[in-house]
Amino acid sequence: MKVTIVGAGNVGATCADVISYRGIASEVVLLDIKEGFAEGKALDIMQCATNTGFNTKVSGVTNDYSKTANSSVVVITSGIPRKPGMTREELIGINAGIVKTVVESVLVHSPEAIIVVVSNPMDTMTYLALKSTGLPKNRIIGMGGALDSSRFRTYLSMALDKPANDISAMVIGGHGDTTMIPLTRLASYNGIPVSQFLSEEALQKVAADTMVGGATLTGLLGTSAWYAPGASVAYLVDSILNDQKKMIACSVFVEGEYEQNDICIGVPCIIGKNGVEEIIEIELNDSEKAKFAKSAEAVRQMNDALKSILA
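Computed from a prediction, not measured in an experiment: that's the story for all the values here.

(A) Expanded view of the UniProt feature "active site" (unreviewed entry) in the chain. Those places that UniProt annotates as "active site" (unreviewed entry) correspond, in this numbering, to His175. By the element assignment, histidine 175 lies in the loop between strand 8 (171–173) and strand 9 (180–182).

Structure follows, in structure tokens:
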């Protein structure tokens, strides 16, 4: 199966690398607007094949969407990354035009593709992709929850001093520093609630660290992170292409779920060959419901800002 990744920067290239060496797809196309950039990244990845044992074909192209034809999944990472001190929301005016153009271009050549949106502000860019194309809602997926949940599990692992892969935990809500909701109440270590091992104070610190996880890395690196985001995209693509039906928190269009309508926001989803195959409604407590409603309102305000820009 073929995957196209639009944007050959750090996140896009890392995604291509992980998909390749894990053998998730038979072909990966990297596309970028910078002359020779995607070609160079693709060639560099291909030169890893003999040392890492993968057989995925990786190619790069400069703004030639015809080379992306018949892709099963298209990943959109294009747009400017966050700079230190910049919020995801401040990116909206710049990235909206880029994402809209990219989605329209890829669908000309891959009309049946499932679209995975990575560009920030991710919930709003996912909403834009859905509304501008009119595609069925199961085929437009925002990646953010997979990344936020991975960071949550990492911070829990550090607090518990236990392997992250033994920890089950999820983040729902908007993909923003103040809108995401780490579900500490439901987090578990091999089936045992983590609250049996960590104090409420420790859990709240983990949640707070998770919420600013992206900003923390931006401050340290001077730009947005790329290893975990790229791997999170590959994890999501794997569940689609191989019909794994994993439950992954993704930004998707809701119509009554969690008492919300007409927004894309992070909720638990079953992800398979059809994209979003089911939205799982967790029984939230009153505090979690209030946080989710507040998060949804913040996302809705971002969508309103988008509409005013595009008007």
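Having seen it, we continue.
(B) Geometry of the domain arrangement of the chain. Taken as a whole, the chain is organised into domain 1 (2–143) and domain 2 (145–306). With 40 residues of domain 1 at the contact, the number on the domain 2 side is 51 residues. Buried surface at the junction of domain 1 and domain 2, summed over both partners, amounts to about 3,700 Å²; 66% is from carbon and sulfur atoms. Between the two partners, domain 1 and domain 2, sit 3 salt bridges. The salt bridge involving aspartate 238 is made with arginine 22; its shortest N-O contact spans 2.9 Å. Where domain 1 meets domain 2, there are 12 residue pairs in polar contact (both at pLDDT 80 or more). Ranked by the residues each element gives to the side of domain 1 that touches domain 2, the list is headed by helix 5 (residues 122–133), at 8 residues.

(C) Just the environment of phenylalanine 54, in detail. Structurally, phenylalanine 54 can be placed in the loop between helix 3 (49–52) and strand 3 (57–62). Classification of phenylalanine 54 as buried rests on a relative accessible area of 6%. The residues contacting phenylalanine 54, other than those within four sequence positions of it, are Ser20, Tyr21, Ile45, Met46, Cys48 and Ala49.

(D) Looking closely at the UniProt feature "binding site: NAD(+)" (unreviewed entry) in the chain. UniProt records the feature "binding site: NAD(+)" (unreviewed entry) at Gly7, Ala8, Gly9, Asn10, Val11, Gly12, Asp32, Asn95, Val118, Ser119 and Asn120, using the numbering of this structure. Here alanine 8 shows up in the loop between strand 1 (2–6) and helix 1 (10–21). Alanine 8 sits in the buried class, given a relative accessible area of 0%. Ignoring sequence-local partners within four residues, the contact set of alanine 8 consists of Ala13, Leu30, Leu31, Asp32, Phe37, Ala38 and Lys41. Residue placement: valine 11 occurs in helix 1. Residue valine 11 is classed as buried on the basis of its relative accessible area, which comes to 18%. If we ignore the near neighbours within four places in the chain, the residues touching valine 11 are Thr77, Val118, Ala225, Trp226, Pro229 and Gly230.

(E) Molecular detail of the packing of aromatic side chains. Taken as a whole, this structure holds 3 aromatic pairs when the rule is applied. For the ring pair tyrosine 189 and phenylalanine 197, a centre distance of 5.7 Å and an interplane angle of 80° mean the geometry is edge-to-face. Ring geometry for tyrosine 258 against phenylalanine 292: centres 5.1 Å apart, planes inclined by 35°, an arrangement best described as tilted. With tyrosine 258 in the loop between strand 12 (246–255) and strand 13 (261–272) and phenylalanine 292 in helix 10 (residues 286–310), the pair connects residues that are 34 residues apart, well separated along the chain. Neither residue differs from the other here; tyrosine 258 and phenylalanine 292 are each classed as buried.

(F) Expanded view of the pattern of salt bridges. For the structure shown, the criterion picks out 9 salt bridges. The salt bridge partner of lysine 245 is aspartate 243, with a shortest N-O separation of 3.0 Å. Accessibility expressed as a relative area gives 40% for lysine 245, which makes it partly exposed. When salt bridges that share partners are traced, they join Asp243, Lys245 and Glu277 into one network.

Scoring rules and cut-offs
- Residues numbered from 1 in each chain as written.
- Predicted model: local features only at pLDDT ≥ 70, side-chain atom pairs only at ≥ 80, totals over all residues.
- Heavy atoms only, no water.
- UniProt positions renumbered as here; feature names shortened; annotations may be inferred.
- Helix = DSSP H or I, 4+ residues; strand = E, 2+ residues; numbered from the N terminus.
- Domains from an automatic or database assignment.
- Contact = heavy atoms within 4.5 Å.
- Buried area = accessible area lost by both parts, 1.4 Å probe.
- Salt bridge = Lys/Arg side-chain N within 4 Å of Asp/Glu carboxyl O.
- Polar contact = N/O pair within 3.5 Å; in protein donor to acceptor, adjacent residues only side chain to side chain.
- Buried < 20%, exposed > 50% of the residue type's maximum accessible area, 1.4 Å probe, protein only.
- Phe/Tyr/Trp six-rings, centres within 6.5 Å; stacked < 30°, edge-to-face > 60°.

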